[in-house]
Structures are given as structure tokens and as C-alpha cells.
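Each chain, letter by letter, is given below.
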There are 2 protein chains.
Amino acid sequence: MSFPYLEEVVEATPSKIVLLVADGLGGLPDPATGKSELETAHTPNLNALAAESVLGLTDPVYPGITPGSGPGHLGLFGYDPLRYLIKRGIMEALGIGLDVQPDEIAVRGNFCTLDQNGIVTDRRAGRIPSEESEPLVEILDRITVDGVQVRAHPVKDHRFVLVFSGDGLDEAVTESDPQKPGLSPLEIRPLNPGAEKMARVANEFIADAREALAGRDLANMVLLRGFSRPPEVASMAEQFLLSPAAIATYPMYRGLSKIVGMKMLETGTTILDEMKTLAEHRENHDFFFVHFKPADAAGEDADFAKKVRALEEFDTGIPALREIDPDVIMVAGDHSTPSILGGHSWHPVPFLLHSRYAGADGVAAFDERTCARGSLGRFPAQQALMLAMANALKLKKFGA
Amino acid sequence: MSFPYLEEVVEATPSKIVLLVADGLGGLPDPATGKSELETAHTPNLNALAAESVLGLTDPVYPGITPGSGPGHLGLFGYDPLRYLIKRGIMEALGIGLDVQPDEIAVRGNFCTLDQNGIVTDRRAGRIPSEESEPLVEILDRITVDGVQVRAHPVKDHRFVLVFSGDGLDEAVTESDPQKPGLSPLEIRPLNPGAEKMARVANEFIADAREALAGRDLANMVLLRGFSRPPEVASMAEQFLLSPAAIATYPMYRGLSKIVGMKMLETGTTILDEMKTLAEHRENHDFFFVHFKPADAAGEDADFAKKVRALEEFDTGIPALREIDPDVIMVAGDHSTPSILGGHSWHPVPFLLHSRYAGADGVAAFDERTCARGSLGRFPAQQALMLAMANALKLKKFGA
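Described in the following lines is the structure provided in the data block. (Residues numbered from 1 in each chain as written. Chains lettered and ligands numbered in written order. Predicted model: local features only at pLDDT ≥ 70, side-chain atom pairs only at ≥ 80, totals over all residues. Heavy atoms only, no water.)

## Focus on the overall build of chain A
To keep it simple, the criterion reads: Strands here are runs of E lasting at least two residues and helices are runs of H or I lasting at least four, both read from the DSSP assignment and numbered beginning at the N terminus. Based on C-alpha atoms, the radius of gyration is set beside the globule rule, defined as 2.2 Å times the residue count to the power 0.38. Accessible area is worked out with a 1.4 Å probe on protein chains only. A residue is then buried under 20% of its type maximum, exposed over 50%, and partly exposed in between. Contacts are assigned to residue pairs that have any heavy atoms within 4.5 Å of one another. Two residue types count as positive, namely Lys and Arg, and two as negative, namely Asp and Glu; His and chain ends fall outside the count. By convention, the point assigned to a charge is CZ for Arg, NZ for Lys, CD for Glu and CG for Asp.
Summing up its helical and strand segments, chain A has 15 helices and 13 strands in all. Its C-alpha atoms give chain A a radius of gyration of 23 Å, near enough to 21 Å, the size a compact globule of 400 residues would have. A principal-axis box enclosing the C-alpha atoms of chain A has dimensions of 70 × 55 × 35 Å. Here chain A holds 400 residues, and 57% of them are scored as buried. For chain A, the proportion of contacts with a sequence separation of at least 24, taken over those separated by at least 6, is 74%. Side-chain charges of chain A comprise 38 positive and 56 negative groups, with the mean position of each set lying 2 Å from the other.

Right, here's the structure in full:
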């Protein structure tokens, strides 16, 4: 739940907040050592910062729920991740850096294989490599449908994104993917009368695509799912009176930042590059989101040692951050990615908050078990921004 | 959120609950020593009680939100502070001990200064002292408006309270305070058709006040804001089947207690006076709210040493309380008031619960960091009364 009287208490001030996100931050013990990635990594700078900070654990969405990148980040940006859903089509578009407009519909596509009876035999067309699928995406991109513009963009292997632009399009339609082989692709149907045009256009596009791809052994059809428009989100400027900027290298996180109205800052690929960018722009914004990807990537690869190294690299950014001297520092994760699971997980995520007015737990360690004993306790990630705003003295007293 | 089936589980029993509130209880470390006010104070009695109690931290309203006295206390009384808002006019009236009836409207007033063009040059009329403003309040008190009674009461310096009594008055009107100098006072407008009479009456009063004050250099006009009626709150007797009494010396806290239907007990000014009152009335009630103000006052003055002394004074009340031997003791705060901030703050507040059935954390200390590690964890202040009721065996089993 968001605080319902935010408008009455929020005020703009020059104080600076930095939200430093290590993607997939939390982990689990390696059975061989009994220590998690954070407990194994040599992170002297994080530990020193922790000693002067308050610690806790965030629940990204809901206990037991494993978040995708969308809800994981929206929560840390101060938004209720159960209210603002970023659907699959939009996430896929964000992931390749597309800028989908509020009146456009993005949809995720797969190339698939049909037999001569029109039955799906492989929903991923043998996972054909990008070299083979990209020319096919160009074929799709040339398809025209009356009354709308359709652009096709390659993603990776058998995956692509379509963006439909035109008047009166609606996301409330069914999907064509039958979800398992042995069935025919499904007709797209409107879920409400306002979505009839979208369904008609999508079915026309699919028929044209089938014709254009006919005769191939593998990728001779498309399956579409996740029709979606960008969520209608009040910007961080409107909602929190912040002037926010994002320092992130991956398109998906840049896209998520854009949804809440952050300004994109150009930056390099390392944590030190990102800190340099932060230093250069320190005076132009009062909220900075800095995104660090490698910890999640290593966890997804189930590579414990690589995640440890990624966290050690993350640690090297802390001295530069402290030199920039923001009023409030948060170190957080959008979710946990334990190497032993090889993917995102439901575990609560270590969290650290540093400010002149935060107090300090006085423990020189930053890991899952230390944070579980921290004075912030365990709390919904959405509340982290409220804590940061309070510590930045950007929230007035509520009630007389 | 309140427990939605309270009615089904609550029962009246003779067991006694004491809610002992140290206003502004929580603090922050003095940067010089690294210790908070509670950590610095010599509080042997609180520490001994803590060793036999369970500890935790309360969030008065919402993480990051700094509560005023109204929401801070309503939460501890078991009410959702986001549902029952006590607006500024009522709080100001409570603060000077007025008894505003459910059909009356209280409003906060300032004397201000207008130039010859009717533009506000000083919203506080040079903060004229009470000696000078009190005769002016008497002038306002003599103004009569058709169909309603208007009483004017001095508060302090340039501030006063008006109470409008009469049929058909509604709080849904705009304010006349333009919020900054250089503008004219605003006309009061109704926010819904039912509030037309209130707006008309307020505008007539303002016109009469301007005439009555004309010709003065400083306080030649009034600004009104925070039109409000007392919130409609089910009493603690109705809601919790309690027979509650309040032992408090300051008018505002007596007023807040009255809103939830507590009986006011006459008492002296020290914590020992208050405990004596409690002992005398032990058999007449089953819930006692005891309010101790000096800790907050010292924190508001940014006087660390004075807050430490106030907490030490608070501590001296504990032996008398234990002699009275209530079934359940809560030691709580309505909010934190760290001396280094010099005001109310958003920090969670130390909380202690003692009863035969509470268990014990076994740690002989009562301060922010000890409570952060307490077995009650961090929880909304509104839930404290439920815990106390449970420990007093006043809540039956829920569900079969």
C-alpha cells in the first residue's frame, strides 16, 4: 500500500538521494562453505559503509513471490508493483531499447513451426539463431495492415517484438500462442468491445505473416503474446517532486527508468564509469538511480564464484560514491538471484540506508544474515523511497 | 489496517492494561558519543522491566512518515491513524482544552497585517505577543453573525481559535489564508453544496473582523484555516469494550483522549503524581493511558542533555507502576523526537510489553537498538493495543 496522503507531506528540497541497485543482490549459502555470495565476497567498502548505516531486508513484491525486473525496480522507485504491471510485450520492447508511446501496443512474438495441417510442432522453431531469424523479422517488418503501422524488431534467436501504432488500439485481446505443441495457433479475440480493432489487425497480420513465411521447414509461422501498452504511471516528478536521473547501461533498466520519468544519463560500462557520471551530474538532479547488472547475470548463470567477483567489483564503486557525498545513500537489490538457484528468487533482499539522520546499527557487514538483524527490519521494497525521502528531509509532518 | 472481525473476538474482563506513553520517546545518537538519548540516560527501572518484557519498534503511521501528536496517539489507542484524521482546527482547539461538540466547527486563526490595498504584508502580524493579541481576541469574540454562535479563544501570540456553533455547518470549505504575503486574503468557498452556509458565515465573520480591527498598524485582519469538526470515532468502550481513563496534564492529550471516549482523571504535574492518580483509580477502569510530556519538549528544543534528564525522570515512575501491578504494561511513544533533529521524526519508536503471558526477551536495556532486536519486531503502532488486549485475555479465539 502506498501512503495515501503523500501529496500533503512531500516537498522539494535540494538534498540528494542515491539509489544504488545491485541487480540480483541477495543470495544463498554455498552448501560447501555455508556462506552466501555476499558473505564470501571481500567487500571492505560496503562493510565500512554498513557500520555507519541502518540495515534491513526488503520484500520486493510479496513474501514468497519471485519478481521479474519490472516489479523489482518499480518497487524500489516507490511504486506499488501490484498496481503498476508492466506486461510482457512492453518488457520485451524495453529490453531492446524501444520507446513505446502511450497509444502504441507492443507484443512479444516467437517464430514457430507448423506442420502441413497447421498444427504447431515447435513453439520456438528449433530456437533458430539470430542470424537466421533477423532476415525473417525484416520480412515481417514489410507487412502492411490497413489503418495501422506495424514495426517488427528482432530480439534474440526465435524472439521478436511487434509494435502496433494507430488509432483505437487496445491491449485487451487474447494471445495466439497455444502454449504447447500439438495444437493450432489460436485466433486473437477481443476481451471487450473496444478491442475489436486490435484483434482484427492482429489476425490480419498473422495471416499475412503465415503467407510470407510459407514453405519453410522451421520458422514458417509466428505466435504472439503479451499485447500491452506502457503503464500509466505518474512520474517521480509528479508523485515525489523529485528530479530523477538514471545511470544504467542495459536497455531494459533504462526503459524502466523512463516509465517513471527519469532522465537518462549517458555512461560507461563499469561501476566506476557510473560513479563518474554521477559525479558529473551531481548538481543537476536530486535523485539518482545507479544500476549494476553483473551480480544478477552471474547468479542467473549459477556461477557462485562469478557472482562473488561481481559483488567485489560492485564494492569498488563505494569509495567514489562516498566522495560524491549524497545526503542519502541506499544500497539495494531489485530481487535476490541465488547462484544455487540459477535464477531470480523470492528471498528478501539486503538493504542499507545511510544518512546523517538514519542512526547506525554499528555492524561492519553487509549480507543477508546481518541485514536480517538490522534495525530497519523486513519491509516492502516500495517503502524504501519513503525512508530515503524522510532522511533527505523531503517529507513534512503528517497531521497536527 | 484494523482487524476486521474485532467485534467477534473482543470481550470485557476485569484485567488491567496500562499504556504509558513517553511523548517523543525515540531518538538518535549524539554524533559525539554515538549513543542516543535512551542509551545515554540512566534508566535502571526501565532496564529491569525490559529484561522481563518483550521489545519491539512501532511505526506510528507509515514508514518514513513523521506524525503529529494526533495520528501518533490515535494509533496507540488502537485506531487507524490514516482513517481518523484530526484536522488542524480541532487540534488547535484540543490544545487549549476546548471541548468541541460533534456539530461544531473549529478553525485556526492568525492575526495578520494588510496594507492599504488589502494585500497581506505579514501573515503573523509580527508575531504579536499574547498580551497584545488577547484584547483583540476579545473584540473578535464580540462579533455576532446571524444564525450561528461564534466564540473566539486565544491560543498564543498571533494565534487564536474560533468555534462556530449552529445548524447545518460543514467543514468542507476553502481557507482564507493565501499562504504567502503579497496576496489578498482569499474568500472562503464551499467545496460542496452542503457547505454554503459555513462559507457565508465565515465570510461575514471575516468582513466584520476586518472592520473591527481597522486602523491598526499590525494586527488589522485575520486569516482562517483548517475548518474542522471532531472526527467521528467509535469510542474505546464501543470498539474494544474497555472502560478507559486518561492521566495527562497537557490539554492536547486530554483532548485526544476525550475523542476516543476516555474519562479524564485529575492529576498533578510529575510522573509520580500521575502514578498516584493511577493507584487511586486502579479499580475503576480497565485501561489507563498515562502521558509524559517532557521527553518530547526537550527533543523539540534540540536539547540532548535535557531529553536525557527527562527520560531519567520518566524512569522514576516505573517502580510505582509495578507496585500497582497491572496485568499488562506497555511503554511506548507516539513518535520519535531526536534531539539532533529538534522535532518529531519518522523513526520507529521503542516499545515494551510486559505481562504474565508475553514471554521475555531477557535483555536488560530499553533503547532504539535493543528494541530493534526485540522479539516483537517492527510493527504498526495501531497493533499495540491488540497485543495488550490479547495479553490481558480480552480477545477470544478467532474461528472455530
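## Things to note about the packing of aromatic side chains
All names here are of chain B. In plain terms, the rule: Ring pairs are drawn from Phe, Tyr and Trp, using the six-membered ring of Trp, whenever the two centres fall within 6.5 Å, and their geometry is named by plane angle: stacked under 30 degrees, edge-to-face over 60, tilted for the rest.
As enumerated under the stated definition, the model contains 25 aromatic pairs over all chains in all. Ring centres 6.1 Å apart and planes at 70 degrees place the aromatic pair Phe3 and Tyr5 in the edge-to-face group. Tyr5 gets classed as partly exposed once you look at its relative accessible area, which sits at 40%. For the pair Phe292 and Phe314, a centre-to-centre distance of 5.1 Å together with 40 degrees between the ring planes defines the contact as tilted. Taken together, the positions of Phe292 in strand 10 (residues 287-292) and Phe314 in helix 12 (residues 304-315) put the pair 22 residues apart, joining distant regions of the chain.

## Notes on the pattern of salt bridges
Side-chain pairs of opposite charge can arise whenever the charged atoms involved come near each other. Residue and element names in this part refer to chain B. Applied cut-off: Salt bridges are defined as contacts in which a side-chain nitrogen from Lys or Arg sits within 4 Å of a carboxyl oxygen from Asp or Glu.
Tallying each qualifying case throughout the model produces 32 salt bridges over all chains. Asp59 serves as the salt-bridge partner of Arg378, at 2.8 Å between the closest nitrogen and oxygen. One end of the pair, Arg378, is in strand 13 (residues 377-380); the other, Asp59, is in strand 2 (residues 54-59), with 319 residues separating them in the sequence. According to the relative accessible area criterion, Arg378 is partly exposed, its value standing at 23%. In this structure, Glu92 engages Arg159 in a salt bridge whose closest nitrogen and oxygen atoms are separated by 3.0 Å. In this pair, Glu92 sits in helix 5 (residues 88-95) while Arg159 sits in strand 6 (residues 159-165), placing the two residues 67 residues apart along the sequence. Judged by relative accessible area, which is 10%, Glu92 ranks as buried. Among the residues examined, Arg159 registers a relative accessible area of 26% and is labelled partly exposed.

## Points about the nonpolar core
For the record, the criterion: To form a nonpolar core, buried Ala, Val, Leu, Ile, Met, Phe, Trp, Tyr and Cys residues must be joined to one another through side-chain atoms within 4.5 Å.
One finds Phe3, Phe77, Met236, Phe287 and Met330 of chain A to be the most contacted residues of the largest nonpolar core, which totals 63 residues. For this core, the element with the most residues is helix 15 (residues 384-391) of chain A, which contributes 7 residues. Counting residues in hydrophobic clusters, the runner-up holds 49 residues, among them Leu6, Val9, Leu353 and Ala358 of chain B.

## A closer look at helix 15 (residues 384-391) of chain B
Residues and elements named next belong to chain B. We count it as follows: Note: the arc covers the axis-to-C-beta directions of the helix.
Buried within helix 15 are the following residues: Ala384, Leu385, Ala388, Met389 and Asn391. One face of helix 15 carries all of its buried residues, which in axial projection span an arc of 165 degrees. At the C-terminal side of helix 15, Leu393 shows a positive phi close to 55 degrees.

## With respect to the side chain of Lys394 of chain B
Residue and element names in this part refer to chain B. Inclusion rule: The term polar contact refers here to a pair of N or O atoms within 3.5 Å; inside protein, the definition further demands a hydrogen-donor-capable atom paired with an acceptor-capable atom, and it admits residues adjacent in sequence only when both atoms are side-chain atoms.
By secondary structure assignment, the location of Lys394 is in the segment after helix 15. The class of Lys394 is buried, set by a relative accessible area of 0%. Among the polar contacts listed, one links the side chain of Lys394 to the backbone oxygen of Ser15, at a separation of 2.8 Å. Residues contacting Lys394, with those up to four places away along its chain left out, are Val9, Val10, Glu11, Thr13, Pro14, Ser15, Ile17, Leu242, Asp286 and Met389.

## Considering a negative patch on the surface
Residues and elements named next belong to chain A. Spelled out, the test is: Patches were defined on residues exceeding 30% relative accessible area and lacking a salt bridge, with like-charge contacts within 9 Å and nonpolar side-chain contacts (Val, Leu, Ile, Met, Phe, Trp, Tyr) within 5 Å. Residue-level accessible areas treat just the shown protein chains as cover; the underlying method is Shrake-Rupley with a 1.4 Å probe.
A contiguous patch of negative charge on the surface is contributed by Glu131, Glu132, Glu134 and Glu138. With respect to the helices and strands, Glu132 occurs in helix 6 (residues 130-141). Its relative accessible area of 47% is what places Glu132 among the partly exposed residues.

## A few points about the packing of helix 6 (residues 130-141) of chain B against helix 7 (residues 196-213) of chain B
Residues and elements named next belong to chain B. Put simply, the test is: Simply put, an axis is a line fit to the C-alpha atoms, just over the touching stretch for a helix, and the angle between two N-to-C directions goes from 0 to 180 degrees. To sort the angles, those under 35 degrees are grouped as roughly parallel, those over 145 as roughly antiparallel, those from 65 to 115 as roughly perpendicular, and the leftovers as oblique. Crossings are classed by handedness, with left-handed meaning an anticlockwise turn of the near helix from the far one by less than a right angle and right-handed meaning a clockwise turn.
Where helix 6 meets helix 7, the closest approach of the two axes is 10 Å, and the angle between their N-to-C directions is 130 degrees. Taken together, the axes of helix 6 and helix 7 are oblique relative to one another. Where helix 6 crosses over helix 7, the two elements pack in a sense that is right-handed. Contacts between helix 6 and helix 7 pair Leu136, Ile139 and Leu140 from the former with Phe205, Ala209, Ala212 and Leu213 from the latter.

## Quick notes on the relation of the copies chain A and chain B
Put simply, the rule is: Least-squares superposition of the copies uses the C-alpha atoms of those residues scoring a pLDDT of at least 70 in each of them.
Least-squares fitting of chain A to chain B yields an RMSD of 0.2 Å, with the transformation described by 0.0 Å of translation along the axis and a rotation of 124 degrees. Taken together, the rotation and translation describe the operation of a three-fold axis.

## Focus on the packing of helix 4 (residues 69-76) of chain B against helix 9 (residues 251-259) of chain B
A packed helix pair is summarised by two numbers, namely the angle formed by the two axes and the spacing between the axes. All names here are of chain B. Quick note on the threshold: Under the scheme applied, nonpolar residues are Ala, Val, Leu, Ile, Met, Phe, Trp, Tyr, Cys and Pro; charged residues are Asp, Glu, Lys and Arg; polar residues are all the others, including Gly.
Viewed as axis vectors pointing N to C, helix 4 and helix 9 meet at an angle of 45 degrees, and their least axial separation amounts to 10 Å. On the basis of the axis angle, helix 4 is oblique to helix 9. Seen along the crossing, helix 4 lies across helix 9 with a hand that is right-handed. Here Ser69, Gly70 and His73 of helix 4 lie close against helix 9, whose contacting residues are Met252, Tyr253 and Leu256. Each residue belonging to the contact of helix 4 with helix 9 can be placed in one class, and the counts come to 3 nonpolar, 3 polar and no charged.

## Section: the environment of Arg123 of chain A
Residues and elements named next belong to chain A. Counting through the fold element by element, Arg123 comes out in the loop between strand 4 (120-122) and helix 6. Judged by relative accessible area, Arg123 falls into the buried class, the value being 11%. Sequence-wise, Arg123 and Asp146 are 23 residues apart; in three dimensions their C-alpha atoms are separated by 28 Å. When neighbours within four sequence positions are excluded, Arg123 is seen to be in contact with Asn110, Phe111, Cys112, Asp177, Gln179, Lys180, Pro181, Leu223 and Arg225. Looking at Arg123, its side chain comes within polar contact range of the side chain of Asp177, at 2.8 Å.

## Some thoughts on the sheet that holds strand 2 (residues 54-59) of chain A
All names here are of chain A. Applicable threshold: Here, any two strands with at least 2 DSSP bridges between them count as paired.
Here we have 8 strands laid out as an open sheet, ordered 9-8-10-1-11-12-2-13, and mixed in their pairing. Looking at strand neighbours, the two that pair on one side only are strand 9 (263-264) and strand 13 (377-380), the edges of this open sheet. In the sheet, strand 2 pairs with strand 13 via 4 bridges, with the strands oriented parallel. What sits directly across from Leu57, in strand 13, is Arg378.

## Some words on the sheet that holds strand 1 (residues 17-22) of chain B
All names here are of chain B. Here we have 8 strands laid out as an open sheet, ordered 9-8-10-1-11-12-2-13, and mixed in their pairing. Every interior strand has two partners, whereas the edge strands, strand 9 (263-264) and strand 13, have only one. Inspection of the sheet shows strand 1 paired to strand 10 by 6 bridges, in the parallel sense. Considered in strand 10, the bridge of Leu19 is made with Phe289.

## Observations regarding the interface of chain A and chain B
What counts, and what does not: Defined in terms of a 1.4 Å probe, buried area is the accessible area two parts forfeit on being brought together, summed over both.
Across the boundary between the two partners, chain A contributes 26 residues, which contact 29 residues of chain B. Between chain A and chain B lies a buried interface of about 2200 Å² when both sides are counted; carbon and sulfur atoms form 68% of it. When the buried area of chain A at its contact with chain B is split by residue, Tyr357, Phe398 and Ala400 of chain A rank highest and sum to 29% of it. Seen at the junction of chain A and chain B, the total is 0 salt bridges. There are 6 residue pairs in polar contact (both at pLDDT 80 or more) connecting chain A and chain B. Element by element, the count of residues in the side of chain A that touches chain B is highest for helix 15 of chain A, at 4 residues.

## Quick look at a nonpolar patch on the surface
Among the surface-exposed residues, Tyr62, Ile65 and Leu82 of chain A lie close enough to one another that they form a single nonpolar patch of about 320 Å² accessible area. For Leu82 of chain A, the position within the fold is in the loop between helix 4 (69-76) and helix 5 (88-95).

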